[in-house]
Amino acid sequence: MKSSVKMAKLTSLFVILLSFFCISEAVFEDQVGKFDWRQQYVGKTLFAHFESNTQSSKKMFVATDKNIFASFNSRTGDLLWRHVDKTGPEGTIDILLLHGQDALMVVGDGRLLRSWDTNIGGLNWEVVLDTGSFQAACFVAIQDTVKLVAVLKKAAISLHYLSNGHQKWVENLPDSDAVQYQAVYSGGEEEVYVLGVVPNSHLTIIAYSLEDGEIIKQRSVEASWLSSVESSCVVVGQGVLMCVDPATLALYTLPIQAEETPEFSQILLQSLDLEVSPGFQPVLVSSQPHPARSPLSEFFLQLGPDHHVLLQLNADGYTIAPLRDFQPAFLVSFATTGKKTVAAVMTPKNETACAINLFSVDSGRRLLDTTVLFPLEPNGGKPHMLYVHAFLKKDDSVGYRVLVQTQDHALTFIQQPGRVVWTREEALADVVTMEMVDLPLTGTQAELEGEFGKKADGLFPMVLKRLSSQVTLLQAWLAHLWKLFYEARKPRSQVKNEVTIETLSRDEFNLQKMMVMVTASGKLFGIDSKSGSILWKHYLENVQPNAAFKLIVQRTTAHFPHPPQCTLLIKDKDTGLATLHVFNPIFGRKSHIALPALPRPILQSLLLPVIDQDYAKVLLLVDDQYKVTAFPSTKNVLQQLQEMASSIFFYLIRSEHGNLSGFRLRKDLSTERIWEVVLPTEVQKIVAVKGKRPNEHVHSQGRVMGDRSVLYKYLNPNLLAVVTESTDAHPERAFVGVFLVDGVTGRIIHEAVQRKARGPVHFVHSENWVVYEYWNTKSRRNEFSVLELFEGTELYNSTVFSSLDRPHLPQVLQQTYIFPSPITTMEATLTEKGITSRHLLVGLPSGAILSLPKMFLDPRRPEVVTEHSREENLIPYAPEMPIRTEWFINYNQTVARVKGIYTAPSGLESTCLVVAYGLDIYQTRVYPSKQFDVLKDDYDYVLISSVLFALFFATMISKRLAQVKLLNRAWR
Amino acid sequence: MWLHVRLSEVCLFLQAMFILACCFSDMESGPIATSGSVQPNGDRFKIEGRAIVPGVKTQDWISSARVTVEGEEYIGFLGTDGSFVVNDVPSGSYVVEVISPGYKFGAVRVDITSKGKMRARLVNFIKTSEVIRQPYPLQLRSSGPRTYLMKRETWGWTDFLMNPMVMMMVLPLLIIVLLPKVVNTNDPEMRKEMEQSMNMLNPNPELPDVSEFMTKLFSGSKSSSSKAIGGSKASGRPAVKRRWCQNITCTSGLRNYCNWSCHGNYNAIFKKSFFIRLYNCFLSRVFFPSSEIQVCK
């Protein structure tokens with residue numbers, strides 16, 4: 001008791017102290033939205049519904065592959081609300097059904113059934129379903145009102161009330177081992193039908209009574225051609241099952257309810273004058289506008305990638321009449337409003353646009369004045385899905401809005417007459433990697449810079465040149481002033497600061513940069529870091545879904561007139577084969593440079609500081625035979641490589657073998673192995689390896705201690721931090737290991753083992769320290785541990801660091817702290833020269849990004865405060881790390897599922913640019929040591945100038961008074 | 001400065017008291033709740049509860065909030081009435097939190113036995129086995145809106161006038177003008193008497209002081225200013241007098257004053273002025289009660 005009070009007291013003391021001297025961390029009220037922006041995304045849409053079929057309705061609902069259920073404002077494309085479920089299969093949304101105000105959702109392969117109140121975005125109810133994988137679900141109506149939802153699982157069917165989720169009944173499906181039940185159908189009758197198939201044998205139809213779940217009818221129909229109900233059958237008309245068989249090229253019909261027809265009736269496609277494109281699996285599309293009524297008798301049959309036919313099932317139930325042939329047509333969709341149902345068809349118009357038209361379903365006639373145009377991006381994906389929101393206008397004609405989803409996951413909302421209301425680039429919900437590239441200088445700036453580079457050609461011409469460039473600068477300034485003046489007169493709403501690629505140029509402090517973002521779908525984006533507007537996008541079509549990406553900046557904007565150059569290494573995870581995409585990061589255009597052939601799987605890539613004659617850094621790619629390919633590989637580069645070969649080292653990790661090995665380049669671009677570290681895979685596996693960031697600068701070589709001696713940092717640029725986790729997951733025996741390995745010699749500098757700990761381990765390796773976070777299985781809490789390496793009070797070789805000549809191992813200090821929250825990612829701030837103190841940016845599951853001063857993670861924090869530690873400004877040790885909401889750099893702009901934090905230095909030493917990405921993207925600036933190199937935002941110009949003026953006038957007045965006095969004295 | 005120091009001391013004391021009180025009151029455990037509801041599917045259980053933000057309608061905050069169990073391991077959503085259920089949780093010990101960007105909620109640790117008995121208790125990461133019972137089903141009440149943003153310090157005339165710097169400038173003026181008219185400084189007896197009283201004013205250097213520690217720490221937080229401003233003046237003066245020069249570790253604003261009073265001009269101009277020194281001493285007692293008084297080198 002006593003000790004806890006003491007502890008609490010200490011902690012509170014600590015907190016109070018913090019509140020005083022860490023005040024600078026927080027964002028000020030007037031800074032909200034000044035340098036920061038957030039964009040919220042949801043991911044690739046799987047299901048989309050519009051609220052209701054009136055013209056004024058604004059809401060739409062989507063469920064996505066990122067396990068998100070969200071509501072948009074369809075007028076602006078902004079999120080109204082969003083619910084982020086668990087990642088992975090447990091949160092997958094299997095189906096989304098909308099009925100009035102309620103949205104029904106089956107989650108996690110039939111694990112849960114949820115009902116949402118779409119109006120306020122809250123949960124109505126949630127019930128746990130019985131085990132078994134989900135197959136299908138539909139609404140069930142009793143006497144024309146929808147009251148129930150039927151959920152079909154692999155071996156059972158259950159009915160739930162819509163109002164409270166209670167189960168009405170659940171029945172096991174007969175013979176569920178042999179029969180694959182795949183569809184459930186209800187057309188407003190007293191029964192609900194379950195359709196199952198024994199592949200290539202027969203179809204089973206079971207009718208359950210709605211009242212008590214009793215099996216009313218059960219029959220099986222011979223269907224040796226049928227393999228899946230789900231993919232090849234739909235229900236049309238008055239409960240007629242319509243199937244298509246690609247082998248016999250025929251349609252099969254079977255009334256579900258009628259018992260008298262024992263088998264399918266066949267209609268050959270040939271008899272309808274229809275032909276399937278070779279190798280194409282025909283697809284049927286039908287529509288059931290209201291669950292209490294039977295589906296439409298009209299349906300679409302897709303015969304080829306861009307060929308659709310609108311067909312009608314005649315009233316007799318087994319003959320089909322073609323209504324209209326759509327060729328070419330990319331996408332088709334049904335939409336119903338009131339009693340009218342229309343079909344929307346997207347047809348290619350020209351190279352830059354597609355046209356969407358409405359057709360009457362009954363007759364197949366085109367409705368007048370319903371054309372809208374969908375613009376096709378030159379480097380975008382093809383249209384993939386069409387969601388139509390149809391409504392009745394005042395004159396009783398059908399109006400519509402349409403949501404088009406393209407292959408690159410972009411959503412475009414188009415309104416009549418052909419206006420794009422908004423576009424959402426949902427690919428950005430899954431950013432894999434990113435870089436920030438400096439913007440180019442403007443023409444005048446570049447000219448000014450160029451002046452200094454050129455060789456002197458006489459004094460006079462140089463003076464002239466100088467003067468002329470000064471004049472151009474003056475001109476530019478005057479033009480800027482004029483523009484400011486001109487815009488100040490206009491009302492604010494009219495002033496648009498549109499950022500375009502043409503107007504982009506570097507600002508004074510290099511605070512505005514180009515963010516190049518690579519997404520998992522293979523779409524690349526160039527985003528202006530100041531405004532967040534997307535300046536260019538480029539969709540790489542042939543990227544595998546499981547590809548790994550690495551983005552490399554080979555040439556920055558500093559080498560005018562050479563354009564900047566980025567290289568994206570795309571590696572197929574299965575085969576290991578890699579391709580390169582070289583592009584200009586400012587404009588997004590693909591560069592036409594000869595790419596090296598990469599026939600072998602790539603193991604490792606490294607960017608050398610060596611540059612070719614065009615100022616591009618050299619990229620080395622190591623294949624599985626340890627052969628090295630250089631890119632670019634001009635003669636100049638190869639010659640340089642030969643000279644430098646003996647000092648180029650690299651490492652490879654084979655985590656499946658627990659193998660970490662180091663190689664050296666030979667003159668002929670082959671490699672030799674120099675060292676190898678094996679961590680036995682039976683005990684532990686390597687989970688991550690991190691070196692230091694190449695663009696990191698360390699300003700001070702050591703730390704001045706209380707007694708004025710210097711503790712020198714161990715700054716080994718070749719140091720690798722290797723994190724391992726034990727294979728034994730038992731809480732008592734699990735451990736996390738951290739190895740610090742020299743990448744050149746393979747020497748293990750330090751080894752730390754955290755017992756009773758497990759991952760996921762997040763860590764940062766920078767300067768002379770490694771900070772890692774793990775889960776303590778014994779105390780069930782997250783802990784931060786910091787390792788700091790020092791050479792001691794004397795430097796071995798202060799001029800240059802060589803891994804090969806460091807006889808003494810560094811002194812390692814370590815301290816551990818409790819962190820009261822789990823974390824999702826961690827990164828350290830980075831500044832131009834490394835003078836500014838460092839902060840750790842920690843992404844929390846709540847979406848907050850905590851800026852934690854590195855000062856708190858200092859292994860020299862003393863338990864007992866002494867004179868020396870006070871002198872050094874060491875904070876006394878406290879076991880628990882504080883989390884204060886004022887330290888959240890993104891205040892209430894939470895970033896859901898933070899996956900990575902990217903930090904980049906700006907031109908100001910005090911300022912570090914931060915981009916946090918995950919589901920959302922958030923960009924801001926942080927000032928770890930406050931803004932010491934520019935005037936602060938709240939600098940009081942008025943006070944200063946008024947004091948100056950007051951002093952000035954006071955001097956004037958006193959001067960005058962003195963004169964008068966002198967004069968008076970002279971008179972005396 | 002002094003105000004801050006004293007305030008924080010008071011705060012500290014209050015806080016310590018408060019914590020003591022908390023600990024005592026929590027010794028009696030809350031209502032015992034063991035009514036865990038066992039789910040049909042194996043040994044998976046559900047965590048139930050209700051979150052309330054006093055004074056705010058549920059529809060205004062639930063759409064942006066969610067319930068997380070042990071990070072994002074299990075997630076629950078809030079119902080339209082603020083209630084929540086997290087389904088499918090195996091037995092174990094979990095930290096349950098309601099996460100809302102607008103409102104702050106406390107975290108609760110929920111223990112579920114393998115038989116499905118539930119217990120809620122306060123989260124204590126330091127003493128992990130400590131049990132301070134909380135009601136179950138959980139009742140999570142928000143303690144108010146989160147504060148992310150700082151208010152800018154606004155500038156006002158009163159702030160300016162009450163600023164120690166300004167007072168330091170105004171008061172000496174008054175003293176210079178007024179005191180010589182009251183006391184006859186040329187009287188040697190008087191002078192002696194005053195010097196004696198000055199000695200009494202001087203603090204005992206052995207006395208430990210919390211505020212001194214604070215001063216050091218504050219000055220420490222400024223990475224650049226840990227330099228001690230030493231009075232480097234006056235080798236030819238009597239020891240007693242040297243003491244006016246104080247070796248104070250100063251923070252930004254105060255440093256000017258120290259510089260001014262210890263080095264150079266000030267003393268040079270008013271070398272003879274005993275009252276200035278007297279006033280200095282007085283000021284130093286008021287504004288820097290803690291500062292060590294050292295003999296200038």
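Residues numbered from 1 in each chain as written. Chains lettered and ligands numbered in written order. Predicted model: local features only at pLDDT ≥ 70, side-chain atom pairs only at ≥ 80, totals over all residues. Heavy atoms only, no water.

- Per an unreviewed UniProt entry, chain B goes by Endoplasmic reticulum membrane protein complex subunit 7 and derives from Oncorhynchus mykiss.
- Per its UniProt entry, chain B bears the Subunit (unreviewed entry) comment "Component of the ER membrane protein complex (EMC)."
- According to the UniProt record, the Sequence similarities (unreviewed entry) comment for chain B reads "Belongs to the EMC7 family." (UniProt positions renumbered as here; feature names shortened; annotations may be inferred.)

- As annotated in an unreviewed UniProt entry, chain A carries the name ER membrane protein complex subunit 1 and comes from Oncorhynchus mykiss.
- A UniProt comment under Sequence similarities (unreviewed entry) is attached to chain A, and it reads "Belongs to the EMC1 family."
- The UniProt entry for chain A carries the following comment under Subcellular location (unreviewed entry): "Endoplasmic reticulum membrane".

## Description of the overall build of chain A
Here is step 1 of the chain: Helices and strands together make up the secondary structure of chain A, namely seven helices and 63 strands.
Here is step 2 of the chain: Counting all 972 residues of chain A, 52% fall into the buried class.
Here is step 3 of the chain: Put simply, of all contacts in chain A between residues at least 6 apart along the chain, 50% involve residues at least 24 apart.
Here is step 4 of the chain: A total of about 44400 Å² of accessible surface is found on chain A, and carbon and sulfur atoms cover 53% of it.
Here is step 5 of the chain: Here chain A carries 95 positive and 101 negative side-chain charges, and the mean point of each set is 10 Å from the other. (Helix = DSSP H or I, 4+ residues; strand = E, 2+ residues; numbered from the N terminus. Buried < 20%, exposed > 50% of the residue type's maximum accessible area, 1.4 Å probe, protein only. Contact = heavy atoms within 4.5 Å. Areas by Shrake-Rupley, 256 points an atom, 1.4 Å probe, with all protein chains shown as cover. Lys, Arg positive; Asp, Glu negative; His and termini not counted. Charge placed at Lys NZ, Arg CZ, Asp CG, Glu CD.)

## Topic: empty space enclosed by the protein
Here is step 1 of the chain: Scanning the entire structure with this criterion turns up eight cavities of 30 Å³ or more.
Here is step 2 of the chain: Approximately 90 Å³ is the volume attributed to the second largest cavity.
Here is step 3 of the chain: Taken together, 14 residues line the second largest cavity, and the ones lying closest to its centre are R111 and L112 of chain A together with Y74, I75 and N87 of chain B.
Here is step 4 of the chain: Each residue belonging to the lining of the second largest cavity can be placed in one class, and the counts come to five nonpolar, three polar and six charged. (1 Å grid on protein atoms, 1.4 Å probe; cavity = no way out; pocket = protein on both sides within 12 Å on 5 of 7 lines; lining within 4 Å. Points joined across faces, edges and corners; volume = space filled by probe spheres on them. Nonpolar A, V, L, I, M, F, W, Y, C, P; charged D, E, K, R; others polar.)

## Regarding the environment of G239 of chain A
Here is step 1 of the chain: Assignment of secondary structure puts G239 of chain A in the loop between β19 (233–236) and β20 (240–245).
Here is step 2 of the chain: When its relative accessible area of 0% is taken as the criterion, G239 of chain A is described as buried.

## Some thoughts on the UniProt feature "domain: ER membrane protein complex subunit 1 C-terminal" (unreviewed entry) in chain A
Here is step 1 of the chain: Taken from the UniProt record, the annotation "domain: ER membrane protein complex subunit 1 C-terminal" (unreviewed entry) applies to residues 766–971 of chain A.
Here is step 2 of the chain: In residues 766–971 of chain A, helix accounts for 17% and strand for 30%; the two terminal C-alpha atoms are 78 Å from one another.

## Regarding the side chain of S910 of chain A
Residues and elements named next belong to chain A.
Here is step 1 of the chain: Relative to the assigned elements, S910 resides in the loop between β61 (900–905) and β62 (912–917).
Here is step 2 of the chain: Residue S910 is classed as buried on the basis of its relative accessible area, which comes to 0%.
Here is step 3 of the chain: At 3.2 Å, the side chain of S910 forms a polar contact with the side chain of T911.
Here is step 4 of the chain: Excluding residues that lie within four positions of it along the chain, S910 makes contacts with T836, V926, Y927, P928, K930, Q931, F932 and D933. (Polar contact = N/O pair within 3.5 Å; in protein donor to acceptor, adjacent residues only side chain to side chain.)

## Quick word on the state of the cysteines
Residue and element names in this part refer to chain A.
Here is step 1 of the chain: Summed over all chains, the structure comprises one disulfide over all chains.
Here is step 2 of the chain: What pairs with C233 in a disulfide is C243, and their sulfur atoms sit 2.0 Å apart. Judged by the sign of its S-S torsion, about 105 degrees, the bond between C233 and C243 is right-handed. Of this pair, C233 sits in strand β19 while C243 sits in strand β20, placing them 10 residues apart in sequence. Both residues of the pair, C233 and C243, belong to the buried class.
Here is step 3 of the chain: C912 provides the cysteine sulfur closest to C566, a residue in no disulfide bond, and the two sulfurs are 19 Å apart.
Here is step 4 of the chain: What makes C566 buried here is its relative accessible area of 0%. (Disulfide = S-S within 2.5 Å.)

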